Amino acid sequence: MDPEKPELPDGDGLSPVLLYGEFTGAQNRRTRFAVRLTERRLSAQRIAAAPAARSQVLHNLEDCVGCRAFAEQDASDSGAYFSAYFYPLRRRWMSSGAARQRVERCFRVASSQDAQLNLAEAERWARAIRQGCSRPRPHRAGSSPVPRSFALHCAAQFIRQCPGRLDLPSIQSARWTLYDMLPTPGRLLLLLNPHSGKGQGLSLFNSHIQGMLTEAGVPHTLVVTELNPRRELVREADLSQWDAVVIMSGDGLLFEVVNGLMEREDWETAIQTPLGILPGGSGNALAASINHYSGSHAVTGEELLVNCGFLLCKGLVSRLDLASVHMASSQRLFSFLSLAWGFVADVDTESEKYRHVGAARFTLGTLVRLTSLRLYRGRLAYLPAEEPQLQPQSPAEGSPPAHGSSFCSSLLCHPGKASSDQNAAHTLYNSSNSNNATKAKSSESPPAALRGPDDSLLVPLDQPVPGHWTVVKEEEFVLMLAMYQSHLAEDLFAAPESTLSDGLIHLFYVKAGISRAALLRLFLAMEKGVHLTSNCPQLVYVRVRAFRLEPFTPKGVITVDGEVVEYGPVQAQVHNGLGRLVTG
C-alpha cells in the first residue's frame, strides 16, 4: 500500500510516514493493525470500534536488529508475513537499571489473492525496516545520534585528524561524516572457547547469540577452538574471507588473536580487521567496557552477553588503542586491556582455581589475598600525557580500515550480496586443522617480534628513561595497574575517566601503608567507579602515554590482559587507534 500523508508523533516532533498498511496479527487473524513506518519508528495501532481498544505500540528502529519476509508452506494460505526483531531496554524486575529483552512483531499481509503479490509487499516492508534499523539518523537539535561517550570519541578523532579546521560548520559537518563512515561488518569468523568461564560458552551461544545473528541476517562461521593453537590460527588465516573476527570467550582469547594479527607479515592491514567480543569468560573486561561506552546500564552475566550481541549486530566499528609491551628478554607483546603487577596480578592468577564460580572468582580471590597482603619493591617511571607527543603518526592513524570499503556492501547494508544464504551459519571443530577457509600460504618473513609500529617514546630497557619522564622513587608497592579500557572486570569500573580510543594509559598504583580494610573499601568503591574520590592517600592515579616498571622483589607475577608473562623489567607505550573494534 502507498503510505498515508499524516505524520506520526516521534518523540521530539512529527515524522513523515514512509509506509502505511493494515495487516492482521500472525497469531490472531481477526485482530487488525494499522502499521506505520517512519525513519525512526515502527508503530502498530489496533483497529477497533471502541476508542479505548485502539492502543498504539511504538518500536524504535534503533532497537531493531533485522526483519525478514516469508510465506507459509501451506499452499492454501495466500498470505505472507514479515517479522521484525527488537531488543529494547526494559526495566529489570526487582533491580535498578535496564537490560535488553527480545521482542518480535509479526504481521500477516493478505491484501491480494495472489500469494506472490503478498510476498512482494511483505518483502518491501522487511527491506524498509532493515534499511531503517541500519541507517545512521541525524537527530534534531538537543538530541544525540550516539551515546555521549561515542560522540566525544568522534569529536576527538576529528580534532586529531583536522587540527586546522575547528570552525563550527566543519565540526557540524564532521559530526555526521565520522558517524556515517563507520562500516558495518558482514561475514563473521566467530571463535568460541568452550572451556572459558564456567564452561557454558557453547550453550550460551546457542541460546542467545545464534538466533540474534540469524535475525540480523549476519552470515557467520563458528569455530570451536577447543585446545587448538589460537594465535597460530589467526596468524595463518585468510582474512580476506571475513569482514570481522569475533571472540566469544574471556579476555585471554582476544589477547591471543590480537598478537596473532600483529605477528603476521601483513600486520598493518591485518590489525585493522574489526574485532568483536562476546563475554564468555570470567572477567569479560572488554565486553563490560564496550557496554559502558555504548551508554548502556551496567549489567553482568547473560544480560551483558545479550547487550554485546545486540551491539555486534548493529555493526558500528571504532578505533581500538593497543599498547606495545617490551620485556627484558626482548619479547614484544600487544595489549588491549591492562598490565598488572602486585595485588591485582596475584588475585587474577591465584583465583584460577575458582574458575567454576564464574565472575565471583575475583571476589573470592580478593578476600583470600587480603588475609596475607604482600608488598613489592620496585621503581616506576612514566611519561605524563600532558607532555608533547614526539612519535610519528601510527600506521592506523588517519587511514581508513583495510576492509572498510567492503563493509557497507556487506550483508547488513545490502542483504543477499554477502552470501547466497542470508542466514548462513557454519560450525567447525578443530578447525585449525580442518578448515581450509582459514589457511593462508606461508612465506618467509622477518621475526614476528620485529613487527609493529615504532615505539618512539621508549628507549631500550638497559638504558635510563628519558629526562622528561617522571620517576617514582624506589619504594614498596601493593599494586601497579596500567589500563586502556574502562573496566577491569564485569563489575570493576577501574578507569572511570577512560573513553573509547583516548590514546591514554590510565596508570594506578597503591603504595605501602594501606590497611587491609582500606584496600577492601577501595575495591568495593571500584565496583561503582568512585574509588578515585575515596580520598585514599596511598592511591595514585595519573594519565600517561608510556611507562616503565622495574621490579626489585625477586618473586612476583606480571599479567598482560590477564595472561601471565615473564617477570622482570617491562615497559609499554600506547598506540592510539591501531586496531579496530565493533562497538555498536
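Chemist: Would you mind going over the sheet that holds strand S11 (residues 103-109) with me for this structure?
Modeler: Two strands in a sheet stick together by hydrogen bonds in their backbones, pointing the same way (parallel) or opposite ways (antiparallel). Spatial strand order, S6-S5-S4-S3-S11-S8-S7: 7 strands in an open sheet with antiparallel pairing. In this open sheet, the two strands that pair with only one neighbour each are strand S6 (56-60) and strand S7 (64-71). The mean inter-strand angle of the sheet, taken between neighbouring strand axes irrespective of direction, is 30°. In the sheet, strand S8 (residues 80-86) pairs with S11 via 7 bridges, with the strands oriented antiparallel. Within the sheet, the bridge partner assigned to alanine 84 lies in S11 and is arginine 105. Each of strand S3 (19-25), strand S4 (32-37), strand S5 (41-46), S7, S8 and S11 is contacted by helix H1 (residues 115-134), which is oriented at about 170° to S7, the strand it contacts most.

Chemist: For this particular structure, what's the right way to read the state of the cysteines?
Modeler: In a disulfide, the sulfur atoms of two cysteines are held together by a covalent bond. Per the counting criterion, the structure on display carries 0 disulfides. No disulfide involves cysteine 64; its nearest neighbouring cysteine sulfur is the one of cysteine 133, lying 4.2 Å away. A residue is classified by how much of its surface remains accessible, and cysteine 64, at 0% relative accessible area, is buried.

Chemist: Would you explain helix H8 (residues 285-293) in this entry?
Modeler: Because the α-helix completes a turn every 3.6 residues, residues three or four places apart line up on one side. In terms of burial, H8 is a largely internal element, 8 of the 9 residues being buried. Looking at H8, one finds that the buried residues are Ala285, Leu286, Ala287, Ala288, Ser289, Ile290, Asn291 and Tyr293. With its phi angle positive at about 90°, glycine 295 sits one or two positions after the end of H8.

Chemist: Which parts of the structure should I look at to understand the packing of H8 against helix H9 (residues 301-314)?
Modeler: Interaxial distance between H8 and H9 falls to 10 Å at its minimum, and their mutual angle equals 65°. The handedness of the crossing between H8 and H9 comes out as left-handed. Residue-level contacts link Ala287, Ala288, Ile290 and Asn291 of H8 to Leu304, Asn307, Cys308 and Leu311 of H9.

Chemist: Whenever I open this one, the confidence of the model for the chain confuses me. Can you help?
Modeler: The predicted coordinates ought not to be read in detail in places where the model reports low pLDDT. Overall, the prediction assigns the chain a mean pLDDT of 80, with 74% of residues at 70 or greater. Predicted confidence is poor over residues 137-150, with pLDDT under 50, and the contacts of this stretch with residues over four places away or in other chains come to 36 contacts. The model gives residues 388-422 a pLDDT under 50, and that stretch makes 77 contacts with residues more than four places away or in other chains.

Chemist: Looking at this model, I keep getting lost on the pairing of strand S26 (residues 570-582). Mind explaining?
Modeler: Looking down a regular strand, the side chains alternate between one sheet face and the other. For S26, a buried count of 13 out of 13 residues is recorded, marking the element as mostly surrounded by other parts of the structure. Direction of pairing for strand S16 (residues 317-327) relative to S26: antiparallel, over a ladder of 10 bridges. Counterpart to valine 325 in the pairing with S26 is alanine 572. In terms of strand pairing, strand S23 (residues 539-551) meets S26 through 4 bridges, oriented antiparallel. Looking at the pairing, arginine 548 lines up with glutamine 571 of S26.

Chemist: Mind showing me how you'd approach unusual backbone geometry here?
Modeler: What is expected of a backbone is that most residues other than glycine have negative phi and most peptide bonds are trans. For serine 501, which is not glycine, the phi torsion reads 55° and is therefore positive. Along the chain, serine 501 turns up in the loop between strand S21 (470-483) and strand S22 (505-511). Since its relative accessible area comes to 5%, serine 501 is described here as buried. For asparagine 535, which is not glycine, the phi torsion reads 55° and is therefore positive. The residue asparagine 535 is located in the loop between helix H14 (516-526) and S23 in this model. For asparagine 535, a relative accessible area of 70% gives the class exposed.

Chemist: For this particular structure, what's the right way to read the packing of aromatic side chains?
Modeler: The relative placement of two aromatic rings is captured by the distance of their centres and the angle of their planes. If you walk through the whole model with that rule in mind, you get 11 aromatic pairs. Ring geometry for phenylalanine 23 versus phenylalanine 82: centroids 5.5 Å apart, planes at 85°, classification edge-to-face. Residue phenylalanine 23 is found in strand S3, and its partner phenylalanine 82 is found in strand S8; the two are separated by 59 residues along the sequence. Note on accessibility: phenylalanine 23 and phenylalanine 82 belong to one class, buried. When the centroid spacing of 5.7 Å and the interplanar angle of 75° are considered together, the rings of phenylalanine 477 and tyrosine 509 count as edge-to-face. In this pair, phenylalanine 477 is assigned in strand S21 and tyrosine 509 in strand S22, connecting sequence segments 32 residues apart. The pair formed by phenylalanine 477 and tyrosine 509 is uniform in burial state, with each residue classed as buried. One aromatic cluster is present, formed by Phe23, Phe33, Phe82, Phe107 and Trp125 through successive ring pairs. In this structure, arginine 100 is placed above the aromatic ring of phenylalanine 310, and the distance from its NZ or CZ to the ring centre is 3.9 Å. A cation over a ring is seen here: arginine 105 above phenylalanine 33, with NZ or CZ 5.6 Å from the ring centre.

About the cut-offs
Residues numbered from 1 in each chain as written. Predicted model: local features only at pLDDT ≥ 70, side-chain atom pairs only at ≥ 80, totals over all residues. Heavy atoms only, no water. Pairing = 2+ DSSP bridges. Helix = DSSP H or I, 4+ residues; strand = E, 2+ residues; numbered from the N terminus. Axes fitted to C-alpha atoms, helices over the stretch in contact; angles between N-to-C directions. Contact = heavy atoms within 4.5 Å. Disulfide = S-S within 2.5 Å. Buried < 20%, exposed > 50% of the residue type's maximum accessible area, 1.4 Å probe, protein only. Left-handed = near helix turned anticlockwise from the far one by under 90°. pLDDT = per-residue confidence, 0-100. Phe/Tyr/Trp six-rings, centres within 6.5 Å; stacked < 30°, edge-to-face > 60°. Lys NZ or Arg CZ within 6 Å of the ring centre and 35° of its normal.

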